[in-house]
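Structural overview for review
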Amino acid sequence: MGGSIVLFGPPGAGKGTQADAIVLATGKPQISTGDMLRAALAEGTELGLEAKKYMEAGELVPDDVIIGLIRERLKSQDAINGVLFDGFPRTIPQAEALAEIAEVSMVISIQVPDEAIVERIVGRRMDPETGEIYHIKFKPAPSEISSRLIQRKDDNEDAVRTRLSAYHSQTSPLAEWYLQRGILKSVNGNQAMGDVQEEISLLLV
Ligand code: AP5
């Protein structure tokens, strides 16, 4: 499939969880704006420090910062045949900017009701060595690595509620925007991880 794919959905929908299999199936590199911002923050760059206050509060980072980040990233050689966007675009201005610099062939919307989101986010743990995403209940980590797992600073109940409200007010209108362009495909994200993966794989053939 030519062009880029967008993984779309509320926080905790399973975008990061599903990304690996899509990368494997399509050969397109994953571009996660959340991961890029966290890396910038860990390196202590100016951009990372600017993004920090928004991320920890669960608010969206300003569009110009995000669009600048994506423009730079898309200049890399590995982006030539399209990429898998994870967590971008998140506003109509971001989608408009993206439409000017890259072709999007499919938007995969992972649908999960709000009631399921808080439990997923609060129980999420990350392995800082491999980047693997775990969940205390839905995907427990092997016991030998459990002591090194970390929890994201924005994975608390207060920040999740702000992230959900940012999603509903600023991001969810994008579904209609992409539906009108005929490229939105929805999958049920409120089922076992393997079943979500199977639904997505049917879209990629
Ligand atoms: P970002 O890192 O993109 O966070 P997010 O969109 O809130 O998404 P998450 O990473 O929380 O969830 P996910 O869908 O990847 O779920 P996961 O697979 O981990 O953004 C963080 C912040 O950066 C934003 O708040 C904002 O400040 C800023 N930002 C980033 N991009 C931006 C942009 N474009 N514009 C402006 N600001 C931006 O799964 C979650 C948990 O559930 C895991 O524990 C997993 O194991 C579990 N799980 C997954 N699938 C299932 C399943 N089917 N059943 C049960 N459990 C499951």
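Our subject is the structure that appears above.
Residues numbered from 1 in each chain as written. Predicted model: local features only at pLDDT ≥ 70, side-chain atom pairs only at ≥ 80, totals over all residues. Heavy atoms only, no water.

1. Describing the nonpolar core
Formed by 26 residues in total, the largest nonpolar core has its most connected members in Phe85, Val107 and Tyr178. Contributing elements (two or more residues each) for this core: strand 1 (4-8), helix 3 (46-57), helix 4 (63-73), helix 5 (92-101), strand 4 (104-111) and helix 8 (173-180). Those residues in contact with tyrosine 178 that lie beyond four places of it in its chain are Pro89, Ala95, Leu98, Val107, Ile183 and Leu184. Membership of the second largest hydrophobic core comes to 20 residues, among which are Ala19, Ile117, Val118 and Val196. (Core = buried A, V, L, I, M, F, W, Y, C linked by side-chain atoms within 4.5 Å. Buried < 20%, exposed > 50% of the residue type's maximum accessible area, 1.4 Å probe, protein only. Helix = DSSP H or I, 4+ residues; strand = E, 2+ residues; numbered from the N terminus. Contact = heavy atoms within 4.5 Å.)

2. Some details on the sheet that holds strand 3 (residues 84-86)
Taken together, the five strands give an open sheet; going across it, the order is 2-3-1-4-7, and neighbouring strands pair in parallel fashion. Here the strands that pair on one side only, and so sit at the sheet edges, are strand 2 (30-32) and strand 7 (184-188). Taking the axes of each pair of neighbouring strands and ignoring which way they run, one obtains an average angle of 20 degrees across the sheet. The strands touched by helix 1 (residues 15-26) are strand 1, strand 2, strand 3 and strand 4; relative to strand 1, the strand with the most contacts, the crossing angle is about 160 degrees. (Pairing = 2+ DSSP bridges. Axes fitted to C-alpha atoms, helices over the stretch in contact; angles between N-to-C directions.)

3. A look at the layout of surface pockets
Rolling a probe over the atoms, with the probe sized like a water molecule, indicates the empty space that remains. What the second largest pocket holds in volume is close to 150 Å³. Lining the second largest pocket, in full, are Gly3, Ser4, Arg71, Leu74, Ala79, Ile80, Asn81, Gly82, Val83, Ile101, Ala102 and Glu103. Residue classes in the lining of the second largest pocket are distributed as six nonpolar, four polar and two charged. (1 Å grid on protein atoms, 1.4 Å probe; cavity = no way out; pocket = protein on both sides within 12 Å on 5 of 7 lines; lining within 4 Å. Points joined across faces, edges and corners; volume = space filled by probe spheres on them. Nonpolar A, V, L, I, M, F, W, Y, C, P; charged D, E, K, R; others polar.)

4. Overview of the packing of helix 6 (residues 114-122) against helix 7 (residues 157-171)
Following both chains from N to C, one finds helix 6 and helix 7 inclined at 135 degrees, their axes separated by 10 Å at the closest point. If you check the angle between helix 6 and helix 7, you find them oblique. Seen along the crossing, helix 6 lies across helix 7 with a hand that is right-handed. Along the contact surface, helix 6 presents Asp114, Ile117, Val118, Ile121 and Val122, while helix 7 presents Glu157, Val160, Arg161, Arg163, Leu164 and His168. (Parallel < 35°, antiparallel > 145°, perpendicular 65-115°, else oblique. Left-handed = near helix turned anticlockwise from the far one by under 90°.)

5. Brief notes about the pairing of strand 1
Burial runs high along strand 1: five of the five residues are buried. Alternating residues of strand 1 divide into Ser4, Val6 and Phe8 and Ile5 and Leu7, and every residue in both groups is buried. As paired strands, strand 1 and strand 4 are joined by five bridges and run parallel to one another. By the bridge assignment for strand 4, valine 6 is matched with valine 107. Examined bridge by bridge, strand 1 and strand 3 share three bridges and lie parallel to one another. For valine 6, the partnering residue across the bridge sits in strand 3 and is phenylalanine 85.

6. Looking at the site of the ligand
Close to the ligand lie 36 residues, the nearest being Thr17, Glu59, Arg90, Arg124 and Arg163. With respect to the ligand, the side chain of arginine 90 contributes an N or O atom lying 2.5 Å from an oxygen atom. Within the side chain of arginine 120, one N or O atom sits 3.4 Å away from a nitrogen atom of the ligand. Protein contact buries 96% of the 1000 Å² of open area that the ligand shows by itself. Tallying contributions element by element places helix 2 (residues 33-43) first for the shell around the ligand, with four residues. (Near = heavy atom within 4 Å. Polar contact = N/O pair within 3.5 Å; in protein donor to acceptor, adjacent residues only side chain to side chain. Areas by Shrake-Rupley, 256 points an atom, 1.4 Å probe, with all protein chains shown as cover.)

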